[in-house]
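# Coordinates in review
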There are 2 protein chains.
Amino acid sequence: MRWLRVAALCLVLGAFARAEDGYRLWLRYDLIGDEALRADYRAATQEVSAADSSATLRAARDELATGLAGLLGQPVTFSKTENPQATLLVGPARSLPAKIADGLKAELARLGDEGYLLKDVSQAGQKQFVITANSDIGVLYGVFSFLRQIQTQRSLVGLNVASAPAIKHRLLNHWDNLNRHVERGYAGSSIWEWFVLPDYVTPRYRDYARANASIGINGAVLTNVNADATVLTPEFLPKVAAIAGALRPYGIHVYLTARFSAPVEIGGLKTADPLDPAVGAWWKKQVDEIYRLIPDFGGFLVKANSEGQPGPQSYGRNHADGANMLADALAPHGGIVMWRAFVYDNNVPDDRAKQAYNEFKPLDGKFRDNVVIQIKNGPIDFMPREPFHPLFGAMPSTTLGLELQITQEYLGASTHLVYLGPLFKECLASDTFTQGPGSTVAKIIETPPAGRSNHSVIAGVSNIGTDRNWTGHPMAAANWYAFGRLAWNPALEPAAISEEWIRQTFSNTSKVIDTLQPILLSSREAAVNYSMPLGLHHIMAEGHHYGPGPWVSGIRADWTATYYHRADAQGIGFDRTKSGSNALAQYSEPVREKWENLATCPDEFLLWFHHLPWDYKMRSGRTLWDEICLHYQHGVDTVRSWQPSWQSLKNDVDQERFYHVSALLTRQEREAREWRDACIQYFETFSKRPIPEGVEKPEHPLSYYETLRRHYVPGTTNASK
Amino acid sequence: MRWLRVAALCLVLGAFARAEDGYRLWLRYDLIGDEALRADYRAATQEVSAADSSATLRAARDELATGLAGLLGQPVTFSKTENPQATLLVGPARSLPAKIADGLKAELARLGDEGYLLKDVSQAGQKQFVITANSDIGVLYGVFSFLRQIQTQRSLVGLNVASAPAIKHRLLNHWDNLNRHVERGYAGSSIWEWFVLPDYVTPRYRDYARANASIGINGAVLTNVNADATVLTPEFLPKVAAIAGALRPYGIHVYLTARFSAPVEIGGLKTADPLDPAVGAWWKKQVDEIYRLIPDFGGFLVKANSEGQPGPQSYGRNHADGANMLADALAPHGGIVMWRAFVYDNNVPDDRAKQAYNEFKPLDGKFRDNVVIQIKNGPIDFMPREPFHPLFGAMPSTTLGLELQITQEYLGASTHLVYLGPLFKECLASDTFTQGPGSTVAKIIETPPAGRSNHSVIAGVSNIGTDRNWTGHPMAAANWYAFGRLAWNPALEPAAISEEWIRQTFSNTSKVIDTLQPILLSSREAAVNYSMPLGLHHIMAEGHHYGPGPWVSGIRADWTATYYHRADAQGIGFDRTKSGSNALAQYSEPVREKWENLATCPDEFLLWFHHLPWDYKMRSGRTLWDEICLHYQHGVDTVRSWQPSWQSLKNDVDQERFYHVSALLTRQEREAREWRDACIQYFETFSKRPIPEGVEKPEHPLSYYETLRRHYVPGTTNASK
């Protein structure tokens, strides 16, 4: 009777605990249903001997306690004192029993500062496992990896995972303003609660740090690249320090964006000229003060001379002059400058895609050792698909970092389901051929030039906000996850990452995995198809970038859609071959030749590089016009096909997220149609050709879409980045 | 063994469930620790027969299921079909067994549309309880009241609670913009997720509705009084309808703010002149469309000709012309217009406090039956203390509503602990004497003039935002709670309300109650003392209103501090007697005389009504100067005294909120000192008298406070409301 009562109580409490709002992300640690499996894991973790001599090691131990208690349904037994016989030993190599540490020496030697080792060291029927590393933070990464093994229900028998990050600085870039508005943020406001800081430090920072550390992210730029010098004032620096304090145990370094004109705006100087000694001295003092408050401060991210931001060119200096001045201030403290290559001339260029290359390539070799040039994946601006940026590989004497966009500025904000793993991977795996075959973007950013310190950088523009589930769309967290996993190891496959994420976020059942994974994996291509297929780009609405706007014109040319698609009576596409802007000349052979040549240029980049007649015969045998139309339709069809799939999971996932995703899929399907109907009808005014069989009739005439206005789209400001 | 394992599991799950982030507000429904008490409640609720023929009744039943399961630790047994023998009968009178219904007839007759009855109808040892009402919504209110009895651990024996609201429309006013910025909001962004609406309806709306219904709030104005016509467009109305749909089962009607110039801005008309027939027709059509989508739409709230908002005066018409035009459009549907009396002339008045009275009193009797004039509690603007607004009782032929501010615009935002129950009650209980003694503000707003429909209104400007705990400061939810409870029954006492709230929100132990209640009850007076004692008002910082600014001048006079405190070499205070602005003439006798006469004017209004010499002898025997200084010190001392009290609860409340409140108290104490040091030193420049014994030395010189700037204070826009 008594036990029944207790069980009933459990059920009731359980029901409360189980309301799934997504807050826990992929660290749910829910009880493993399978008794046998649970027993295996219990046996392996029966007694845990965990080092706890630092905040990071205590964070690791706490995570293990929380994770295992949830997954296995019983409190973890930690050894009171170090016990070399415990079934699970957790700690840096220096804390392990000598015999075990000696045996792992060779493996550990390959793992560097942040790598970790998970190892089954069982002997003679005596089960024993080790989570170890050369450093405390490595141990924390190891604990998260160990918990991931269990969360994804992998066997621990023969466990042998050795892993080290390929890139040193793995950062989230928050485009967060001090008023908590997030530029291109679609999941609520900024999680940085500036007003109540430094007094109140919300526990959410710790959960943010946990989630990031669990996927190996080790840095966060807290503020928007459209920067505000106020964050560098005595009013705000203690607030920054308080955040840094909360993130520190999890190995996350804090960075800030440096407003180039800060010496004038808050420093009382008359100039911000980087060659003026007073300016350099001001920054040096400023940086010293930051490090006094935040000894492990990471450095600055700078957007200069771009979209109205001040920069060295305002004083007749170049990007190297500006970056080096900041670098000199940071160098004594070990900080770095990430200087963005995303620049805008004041004049409209003949081809926007060429600008960064033209400005930066001549500066190769001119940057200090602690400067990294941060380059977006493609030469325009986070389009659904872009070829890799031509700067990758083009500055052999400069450290180059990669900037990806996790937030879906051009991909349906956080109302559309678009898994970006394939997009990230496509860029990382792109072979630039700049140093011969195998010169992938990944290799270029992983490998700083010979003689330079390793300041390799990968950055993702965050999709995180105050929404309870962090990212708005329940599936958008997969993009945060995929970014982190690829930042740690660019060799991972998006499919494998998506499976990991599904198992931890939703369920380990094959039904859920087999249903949801195909949705995720088809989603990026679907978005390309229903919005900007075949190399079309930048044809979105003005300002908010949500929804179609192929008709946008009448503003600065390189902000319009017509500048990019160039549709006319003859055809469509941006001619970037020799007969056009010749942007292709920025790529190495044989990439240039492959894309220049219509016979070898892949369909997906066709209209990126070529202006082609409407009747151009495609590989499929169809005309270009028909192909465009059918791609739009195909995008709609794909989204539509997800709806019954998702509905089939009604009883396999929790109610709250089931409904949330259902509601957003309804919207995505409607808006995919909107893209299709708007774009096809608009292009039809040039092509004057019939819409092919298989494409649905538009719901409204073109004028409807042209005059449709959306108000108060989140994440919108004047700057478009 | 097995039961031990299960118990361990429970503990683990419990630990997860127990992380208290404040989201559940006062509806926590945690297990009652006391076995005996739990047994009593279990006996009373052993079998529940609950009517479920409407969404509202189902909401009531669900709440009972959730609440009792949590409180009693076991699932509720509901009768499969109606069972007149069940221990708890829940439903409207029409659903009760005839014998019981007949017995309650007389009592029910007094309870109106929304009242409820909780009754112990046990007979001959057969326990039976009834929750009933004349309407479904009454049943829901009854269920919440019943759960409150249990949550506050009152005995159910002889249960006999009959309660009906004193005021018909009990509203929250959200000053929420469509971009989700909340004007004077300090708890994150607007909870209305406009962008994903109407597709996605967050479960948070339901929890918002539950919390409100639990305290009897039955309406929500979704949008800012500084209005935006966009909400009236076809893009937004379906979004409004979706919110209305989520709130409807809980009896919450949705209202909008009507931008007076909407006919021009979104209607394509050339004018918004209320006497132009085309304008009236446009609003009629607009209102018809709203009701087509939202059949129970509540009506409009209007801020017109105030702080730059358009209004009828822009067309040479008066407030009645404007309000009546909207009222005529709403009348056929049963909607109302709440027209705010908070108006600003374009010219600086001789006394800002007189303006609303001067503009509105002459219009008495000119408003339609469904117009309510919504008046702030005091004549200035939600100061820490104001005398009641002179319009109360001054328009005997007009329905007058009361507007209170729950959000702490002038009371430390949501970083200071200030329980507003006493402030609300002080206003409600104020006797205006306009119809002889007993003409309290409460009575005036409860009792519409003879011959007019009952459209009594009480409104509270919401302090709700997306912060997980809804209101920012963990104690600020007490103000939401107190507003709702007083709106239902203005006769309740703030002390009793605070005890109820503490019991439900923190703990039923006497230690917690006896420690926390004195803090809450002393907090409003503490805030008055450390910021604006003895009738001082409007001496806060410019723009954000957070912190001291007695030196503020040089802008429009009635937005400055110096306009209000009038400190000079002779003395301090605003002379509103006959020798001054004679604002006192707006009050009825004997109120006017009492406040005009220094011998009878209470200390707390002294400088509100009088300009007095620094050496004026106070009742205490001290000089005015010394008294001012000591009031500031006393405010600081009070806040400081809370800190050890709160620390003593470390093991009696959950960790998360314990730390949160501790951190904010540290800040409040520091900022109380800042108010003291800034104001005393500033006034000292006029008084030229020594700071009396017992007042601490200021931390910084006056210039420090005068030049202190706070950036990005939440809730700030240009309009000050």
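Basis of the calculations
- Residues numbered from 1 in each chain as written.
- Chains lettered and ligands numbered in written order.
- Predicted model: local features only at pLDDT ≥ 70, side-chain atom pairs only at ≥ 80, totals over all residues.
- Heavy atoms only, no water.
- Helix = DSSP H or I, 4+ residues; strand = E, 2+ residues; numbered from the N terminus.
- Rg over C-alpha atoms; globule rule 2.2 N^0.38 Å.
- Buried < 20%, exposed > 50% of the residue type's maximum accessible area, 1.4 Å probe, protein only.
- Contact = heavy atoms within 4.5 Å.
- Buried area = accessible area lost by both parts, 1.4 Å probe.
- Salt bridge = Lys/Arg side-chain N within 4 Å of Asp/Glu carboxyl O.
- Least-squares fit on C-alpha atoms with pLDDT ≥ 70 in both.
- Expected span 1.5 Å × (residues − 1).
- Core = buried A, V, L, I, M, F, W, Y, C linked by side-chain atoms within 4.5 Å.
- Axes fitted to C-alpha atoms, helices over the stretch in contact; angles between N-to-C directions.
- Parallel < 35°, antiparallel > 145°, perpendicular 65-115°, else oblique.
- Nonpolar A, V, L, I, M, F, W, Y, C, P; charged D, E, K, R; others polar.
- Pairing = 2+ DSSP bridges.
- Lys, Arg positive; Asp, Glu negative; His and termini not counted.
- Polar contact = N/O pair within 3.5 Å; in protein donor to acceptor, adjacent residues only side chain to side chain.
- Phe/Tyr/Trp six-rings, centres within 6.5 Å; stacked < 30°, edge-to-face > 60°.
- Right-handed = clockwise from strand over helix to strand, strands pointing away.
- Left-handed = near helix turned anticlockwise from the far one by under 90°.
- pLDDT = per-residue confidence, 0-100.

### Let's talk about the overall build of chain A
Secondary structure summary: chain A contains 22 helices and 15 strands in total. Taking 27 Å as the expected radius of gyration for a compact globule of 721 residues, we find that chain A reaches 26 Å, a close match to that expectation. Projecting the C-alpha coordinates of chain A onto the three principal axes gives extents of approximately 80 × 65 × 50 Å. Taken over 721 residues, chain A has a buried fraction of 64%.

### A look at the interface of chain A and chain B
With 50 residues of chain A in contact, the opposing surface of chain B contributes 51 residues. With both chains or domains summed, chain A and chain B bury close to 4,500 Å², and 66% of this area falls on carbon and sulfur atoms. Contact with chain B buries surface across chain A, with Phe195, Asp199 and Tyr712 of chain A losing the most and accounting together for 18% of the total. Counting every contact that joins chain A to chain B gives six salt bridges. The salt bridge partner of Arg468 of chain B is Asp21 of chain A, with a shortest N-O separation of 3.8 Å.

### Examining the relation of the copies chain A and chain B
Laying chain A over chain B is done by rotating through 180° and shifting 0.0 Å along the axis; what remains is an RMSD of 0.0 Å. Put plainly, the chains are arranged around a two-fold axis. A share of 98% of the interface residues of chain A reappears at the interface of chain B, consistent with the copies meeting face to face through the same patch.

### Let's talk about helix α15 (residues 494-505) of chain B
All names here are of chain B. In this model α15 runs 16 Å from its N-terminal to its C-terminal C-alpha over 12 residues, within 8% of the 16 Å that 1.5 Å per residue would give. Of the positions making up α15, those classed as buried are Pro494, Ile497, Ser498, Glu500, Trp501, Ile502, Gln504 and Thr505. Elements that come into contact with the buried residues of α15 comprise α5 (136-151), α12 (421-428), α14 (477-488), α16 (510-531) and α21 (655-687).

### Some thoughts on unusual backbone geometry
Residues Leu197 of chain A and Pro198 of chain A are joined by a peptide bond in cis, for which omega reads 0°. Checked against the element boundaries, Pro198 of chain A lands in the loop between β6 (169-173) and α6 (203-214). At Leu534 of chain A, a residue that is not glycine, the phi angle is positive and equals roughly 60°. Note that Leu534 of chain A resides in the loop between α16 (510-531) and α17 (562-565). With phi around 55°, Arg566 of chain B is a residue other than glycine that occupies positive phi space.

### Structural notes on the nonpolar core
Trp283, Phe300, Trp339 and Phe683 of chain B are the most contacted members of the largest nonpolar core, which has 219 residues in total. Ranked by residues supplied to this core, first place goes to α21 of chain B with 10 residues. Excluding its chain neighbours within four sequence positions, the residues that come into contact with Phe683 of chain B are Leu536, Ile539, Pro550, His565, Ala567, Ile572, Trp614, Trp625 and Tyr632 of chain B. Tyr255, Ala442, Ile464 and Met618 of chain A belong to the second largest nonpolar core, which has 218 residues in total.

### Focus: the pattern of salt bridges
As enumerated under the stated definition, the model contains 108 salt bridges over all chains in all. Taking the shortest distance from any N to any O, the salt bridge between Glu403 of chain A and Arg340 of chain A comes out at 2.7 Å. Placement of Glu403 of chain A in strand β12 (residues 400-405) and of Arg340 of chain A in strand β10 (residues 336-340) is noted, with a sequence separation of 63 residues between them. Take Glu403 of chain A: its relative accessible area is 0%, and that puts it in the buried class. A salt bridge links Arg556 of chain B to Asp558 of chain B; its shortest N-O distance comes to 2.7 Å. The partly exposed category is assigned to Arg556 of chain B, whose relative accessible area is 22%. Taking relative accessible area as the criterion, Asp558 of chain B reaches 0% and is therefore assigned buried.

### Let's talk about the packing of helix α20 (residues 624-647) of chain A against helix α21 (residues 655-687) of chain A
Residues and elements named next belong to chain A. Packing of α20 against α21 brings their axes to within 9 Å, and their N-to-C directions diverge by 170°. Put simply, α20 runs roughly antiparallel to α21. Among the residues forming the contact of α20 with α21, the class breakdown is 15 nonpolar, seven polar and six charged.

### A few points about the sheet that holds β6 of chain A
Residues and elements named next belong to chain A. Strand order in the closed barrel formed by eight strands is β6-β7-β8-β9-β10-β11-β12-β13, with parallel pairing between adjacent strands. Strand-to-strand, the axes of this sheet are offset by a mean angle of 25°, without reference to chain direction. In terms of strand pairing, strand β11 (residues 371-376) meets β12 through four bridges, oriented parallel. If you follow Lys376 over to β12, its bridge partner there is Glu403.

### A look at the side chain of Arg352 of chain B
Residues and elements named next belong to chain B. Looking at the element boundaries, Arg352 is found in the loop between β10 (336-340) and α11 (355-360). Buried and unpaired, Arg352 has no salt bridge, with Asp558 as the nearest side chain of opposite charge at 4.5 Å. Polar contacts involving the side chain of Arg352 include one to the main-chain carbonyl oxygen of Val343, which spans 3.3 Å. Look past the residues within four positions of Arg352 in its chain and what remains in contact with it is Phe342, Val343, Tyr344, Pro379, Ile380, Asp558, Tyr563 and Tyr564.

### What to know about the environment of Lys354 of chain A
All names here are of chain A. Structurally, the position occupied by Lys354 is in the loop between β10 and α11 (355-360). Considering only alpha carbons, one finds Lys354 and Leu584, 230 residues apart in sequence, at a separation of 9.0 Å. The contact partners of Lys354, leaving out residues within four places of it in the chain, are Ser581, Asn582, Ala583 and Gln586.

### What to know about the packing of aromatic side chains
Residue and element names in this part refer to chain B. For the structure shown, the criterion picks out 78 aromatic pairs over all chains. Between Phe260 and Trp339 the ring centres are 6.0 Å apart and the planes differ by 90°, which places this aromatic pair in the edge-to-face class. In this pair, Phe260 is assigned in the loop between β8 (253-257) and α8 (262-265) and Trp339 in strand β10, connecting sequence segments 79 residues apart. Centre to centre, the rings of Phe388 and Trp595 are 5.6 Å apart; their planes meet at 50°, and the pair counts as tilted. Note that Phe388 is positioned in the loop between β11 (371-376) and β12 (400-405) and Trp595 in helix α18 (residues 591-596), a separation of 207 residues in sequence. Summarising the burial analysis for this pair, Phe388 and Trp595 share the class buried.

### What to know about the pairing of strand β9 (residues 299-302) of chain A
Residue and element names in this part refer to chain A. In the sheet, strand β8 (residues 253-257) pairs with β9 via three bridges, with the strands oriented parallel. Bridge assignment links Tyr255 to a residue of β9, and that residue is Gly299. Relative to β10, β9 runs parallel, the two being bridged by four bridges. Bridging across to β10, Leu301 finds its partner in Met338. Traced from β9 through helix α10 (residues 319-330) to β10, the parallel crossover comes out right-handed.

### With respect to the packing of α15 of chain B against α16 of chain B
Residues and elements named next belong to chain B. Two elements in contact, α15 and α16, have axes whose closest approach is 10 Å; the angle formed by their N-to-C orientations is 130°. In this view, α15 runs oblique relative to α16, as classed from their interaxial angle. Note that α15 runs across α16; the crossing there is right-handed. Judged by residue contacts, Pro494, Ala495, Ser498, Glu499, Trp501, Ile502 and Arg503 of α15 engage Val512, Ile513, Leu516, Gln517, Leu520 and Leu521 from α16. Classifying every residue of the contact of α15 with α16 by side-chain character gives nine nonpolar, two polar and two charged.

### A word on the confidence of the model for chain A
Residue and element names in this part refer to chain A. When pLDDT is averaged across chain A, the result is 95; 97% of the residues are at 70 or more. The low-confidence segment residues 3-17, where pLDDT is below 50, has 19 contacts with residues more than four positions distant or belonging to other chains. Confidence estimates for the predicted assembly give a pTM of 0.96 and an ipTM of 0.95.

### Here we look at the sheet that holds strand β2 (residues 88-90) of chain A
All names here are of chain A. Spatially, the five strands line up as an open sheet ordered β1-β2-β4-β3-β5, and their pairing is mixed. In this open sheet, the two strands that pair with only one neighbour each are β1 (48-50) and β5 (160-163). For this sheet the average axis-to-axis angle between neighbouring strands, irrespective of direction, equals 10°. Pairing between β2 and strand β4 (residues 129-133): three bridges, direction parallel. Looking at β4, one finds that Val90 is bridged to Ile131.

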